Amino acid sequence: MKTVAVSQDVNGGITEKNTILILEKLNNLRDSLFKNEIKFSKKAKEEKLYLFKNMVSKTILSLGNNSETYLKIVEDVNFSKLEKEDQDFILGLEKAGFKNSKYISEIKSYIDKENNLETVFSVVVEENIYLTLLNMELSRISGKLLNFI
């Protein structure tokens, strides 16, 4: 018993050390993402912010695309032919209220209201992970529906 406890402590220490190293590297990477060598004028920063706010939700986050794909899947006549796992995923989104997604509307609202580009960018990078995964899953399920035609 004592040997097992010692082994777990050793492995836990290694895991903790590796986790700390990974977090340090991520923090350094984040600094390099926001490092800006060009010093823009106030007017140029305003233009950049305007462009970012008006393009990010359409292109980077694909907010509208996710909603459209979801609605097509829900309304498809062949929805019941999908595998149970896929149906459960879509029904889970429906139960969570994705049709009138509070999540997506809050992201859009945040982007519209926030004036600090670096802050908006960091939020967009983080939320883009979830939305990209959602887009991939919805596209996969949508592709299955096309096979029933």
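Right, let's walk through the structure included here. (Residues numbered from 1 in each chain as written. Predicted model: local features only at pLDDT ≥ 70, side-chain atom pairs only at ≥ 80, totals over all residues. Heavy atoms only, no water.)

Attention now goes to the side chain of Gln87. Its location among the elements puts Gln87 in helix 4 (residues 84–95). A distance of 3.4 Å separates a polar side-chain atom of Gln87 from the backbone oxygen of Phe79. Apart from residues lying up to four places away in sequence, Gln87 is in contact with Phe79, Ser80, Lys81 and Leu82. (Helix = DSSP H or I, 4+ residues; strand = E, 2+ residues; numbered from the N terminus. Polar contact = N/O pair within 3.5 Å; in protein donor to acceptor, adjacent residues only side chain to side chain. Contact = heavy atoms within 4.5 Å.)

Taking relative accessible area as the criterion, Gln87 reaches 18% and is therefore assigned buried. As a C-alpha pair, Gln87 and Ile73 span 14 residues in sequence and 9.5 Å in three-dimensional space. Of the polar contacts made by the side chain of Gln87, one reaches the backbone oxygen of Leu82; its length is 2.8 Å. (Buried < 20%, exposed > 50% of the residue type's maximum accessible area, 1.4 Å probe, protein only.)

This part takes up helix 5 (residues 102–113). The first and last C-alpha atoms of helix 5 sit 16 Å apart over 12 residues, in line with the 16 Å expected at 1.5 Å per residue. Buried within helix 5 we find Ile104, Ile107 and Ile111. Considered in projection along helix 5, the buried side chains sweep an arc of 60° and stay on one side of the axis. Exposed residues lying more than 90 degrees from the buried face of helix 5 are Lys102, Asp112 and Lys113. Between the side-chain oxygen of the N-cap and the backbone nitrogen of Tyr103 there are 3.4 Å, and the N-cap of helix 5 in question is Ser101. (Expected span 1.5 Å × (residues − 1). Arc of directions from axis to C-beta.)

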